[in-house]
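# Descriptive structure summary
Single-letter residue listing:
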Amino acid sequence: MSTTTTAPVMTQPTSSLARSSKFRAFAITFSISGPVIYCVIQHLNYPLVTYWPAIERLVWGLEAARPNSGPNMLWYGWTLTTIIIAAALGIVAMLIPERITKKIPLWLVWVFPILAIPYVVYSLMYWWRLAARQ
Amino acid sequence: MRSLISTNTFWTLWLFVHLICALGLLGALTHQAMAVALPVRKPAAGIVSRFRAVPAAGYATAVCVLYVITFLIGSFIYTQYRIAIRIPLEAQHYYKTGGFFDFKEHVASLGLVLLPAYWYFWKNAQNPEYDNARKGVTLVLAAMVWFLFIVGHVLNNTRGFAS
């Protein structure tokens, strides 16, 4: 008696991007370095841009608080800086021979974002201290 | 568009679109996470088995597109949040709520950078070399999206629609 299975049918990737070893190097390097870069950039406070929503002003780099301008937003800048640096590293990885990039441990892709969470929680200490004082 | 409708309606509509995209993303990623965590080996009988038995690989591009769209709309709404929501939240001493929203923004960025590897692993689902990494990154991304959704939902209840 035969048994049918509903396990997903695995076929060869149809997209040329998915078959490309260079894209593999880019994607894995980008995703591994991204969480690390994000934490470092946020810690060192290197936003690519600063946005002032109250006056709809966008400036390059970090612009500290100014009178009568409302709050500034740095998160866009941190994210953009992270994407640019991670993409640059990904492009460098594309230039490295495949025999070297194949050795990058794939589990780092999901371990680094988990390791980033405690740092992110710590970086929000301002909020937790205010909450604790209540 | 802002001259045709009130400011409140304008932002409420964007918040609603953000919610719809987030729901689609949440559904697709939860299907995938269940499919990799508890793969179905026998014909799907019950509703839970059928939920796990979806052709998960086909969701990868949709998840990436939905994540980016939801992220971009959320980034747009964030400008209004910073002025109209966060300042009153701080004034009313809702510090944990404010803190969790900042936590959400960081998690959203961490999730965004995972997408290239996530997409690549799923597009090469026939390659057993990527099985563990695909499972790990899908479960982490699904946990992140659930976190983003729940924090967004709680924040909306605190000061969201029509506030």
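Look a little higher up for the structure.
These remarks concern the structure in this document. (Residues numbered from 1 in each chain as written. Chains lettered and ligands numbered in written order. Predicted model: local features only at pLDDT ≥ 70, side-chain atom pairs only at ≥ 80, totals over all residues. Heavy atoms only, no water.)

### Observations regarding the pattern of salt bridges
Definition in use: Salt bridge, as used here: a side-chain nitrogen of Lys or Arg that lies within 4 Å of a carboxyl oxygen of Asp or Glu. By the criteria applied, helices consist of DSSP H or I runs no shorter than four residues and strands consist of E runs no shorter than two, each listed in order from the N terminus.
What the rule picks out here adds up to seven salt bridges over all chains. For Arg24 of chain A, the salt bridge identified is with Glu129 of chain B, shortest N-O distance 3.2 Å. Of the two residues, Arg24 of chain A is situated in helix 2 (residues 21-44) and Glu129 of chain B in the loop between helix 5 (115-123) and helix 6 (131-159); the pairing between them involves two chains. The closest approach of N and O atoms between Glu63 of chain A and Arg57 of chain A, which form a salt bridge, is 2.6 Å. Among the charged side chains, a salt-bridge network with shared partners connects Arg24 and Lys102 of chain A together with Glu129 of chain B.

### Comments concerning the interface of chain B and chain A
What counts here: Whether two residues are in contact is decided by their heavy atoms, any of which lying within 4.5 Å being enough. Side-chain classes are defined by residue name, with Ala, Val, Leu, Ile, Met, Phe, Trp, Tyr, Cys and Pro counting as nonpolar, Asp, Glu, Lys and Arg as charged, and the others, Gly among them, as polar.
With 50 residues of chain B in contact, the opposing surface of chain A contributes 53 residues. One can count two salt bridges joining chain B with chain A. Between Glu129 of chain B and Lys102 of chain A there is a salt bridge, with the nearest N and O atoms lying 3.8 Å from each other. Going through the elements one at a time, helix 3 (60-91), helix 4 (95-112), helix 5 and helix 6 of chain B are the ones with two or more residues in the side of chain B that touches chain A. When its residues are assigned to classes, the side of chain B that touches chain A shows 28 nonpolar, eleven polar and eleven charged.

### Considering helix 3 of chain B
Rule in force here: Two axes enter the definition of the bend at a residue: one is fitted to the seven residues ending there, the other to the seven starting there, and the bend is the angle between them.
If you look at helix 3 of chain B, its biggest bend is around 55°, right at Tyr81 of chain B. In the stretch just after helix 3 of chain B, His93 of chain B is the one whose phi turns positive, near 65°.

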